[in-house]
Amino acid sequence: MRLEQEKVYNCLHMIYVLFGPPGVGKTYIGELVSKQLGMKFFDADVLFDEELRVMLRSGTFNQQVRDIFFDKLSLVTEHLLTELGDSKDLIIAQAFIKEKNRGEFLHYFDEQVRYVLVNTTKDLAHFRMTERTKNGPHVVNDNVFEYACKEFEIP
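Figured I'd write up the structure that's included with this text. These figures come from a predicted structure and were not determined experimentally.

### What to know about the environment of Phe41
Then comes step 1: Its location among the elements puts Phe41 in strand β2 (residues 40-43).
Then comes step 2: What makes Phe41 buried here is its relative accessible area of 18%.

### Overview of the layout of surface pockets
Then comes step 1: By volume, the largest pocket is sized at about 490 Å³.
Then comes step 2: Lining the largest pocket are 32 residues, and of these Pro22, Lys26, Asp45, His138 and Val140 lie nearest its centre.
Then comes step 3: Contributing elements (two or more residues each) for the lining of the largest pocket: α1 (26-37), α3 (63-84), α5 (122-134) and α6 (142-151).

### What to know about the nonpolar core
Then comes step 1: Counting 42 residues, the largest nonpolar core has Ile15, Phe69, Leu73 and Phe105 as its most contacted members.
Then comes step 2: If you list the elements that add at least two residues to this core, you get β1 (15-19), β2, α2 (50-58), α3, β3 (90-93), α4 (99-108), α5 and α6.
Then comes step 3: Per-element accounting of this core gives the leading share, seven residues, to α3.
Then comes step 4: With residues near it in sequence (within four places) discarded, Ile15 still touches Thr77, Leu81, Leu90, Ile92, Phe105, Phe109, Gln112, Val113 and Arg114.

The rules behind these values
Each residue is numbered by its place in its chain's sequence as written, counting from 1. Where local features are concerned, this predicted model is filtered to residues with pLDDT of at least 70; where side-chain atom pairs are given and counted, the filter is 80 or more; whole-chain, interface and lining totals use all residues. Side-chain metrics rest on all non-hydrogen atoms present in the structure, leaving aside hydrogens and water. By the criteria applied, helices consist of DSSP H or I runs no shorter than four residues and strands consist of E runs no shorter than two, each listed in order from the N terminus. Buried, partly exposed and exposed residues are distinguished by accessible area as a fraction of the type maximum, computed with a 1.4 Å probe on protein chains only: under 20%, between the cut-offs, and over 50%, respectively. Of the two site types, the cavity is a set of points on a 1 Å grid over the protein atoms alone where a 1.4 Å probe fits but cannot get out, and the pocket is an open set with protein on both sides within 12 Å along at least five of seven lines, each lined by residues with an atom within 4 Å of a point. Grid points are joined across faces, edges and corners, and a volume is the space filled by probe spheres set on the points. Note on terminology: a nonpolar core comprises buried Ala, Val, Leu, Ile, Met, Phe, Trp, Tyr and Cys residues joined through side-chain atoms within 4.5 Å. A contact between two residues is defined here by any heavy atoms of the two lying within 4.5 Å.

Encoded structure:
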């Protein structure tokens, strides 16, 4: 990762990353598991500010932009871990489309990351994505859905 600063926490937590294409249920599963097990949940889609949403929807969300996003996610994850104290682990929902970013995130957090691939059929994922956007604006629309499915690298 391009982050230059030293990590300022002694992380004893596990970070469970639910990843996969859009619409497969990462957020749903993350919220469910976090409630059942009393873990902290973070939906990384909230990090998509308007500028990133425009880039994603216009097809200019390239690897350089993806790297910037994951630097931001790493900093937010550090902050979340420092807030947890000693009692909880962290669940993050994020697509992590590229193997490169999954590897860097794993390395950055001293391999305290466990990835859980969430997947379903493309038809069901598209239906779920469409239903989710009916509740208001979301990071993913039809163009982003197709782009992310095409770009997703199976681990």
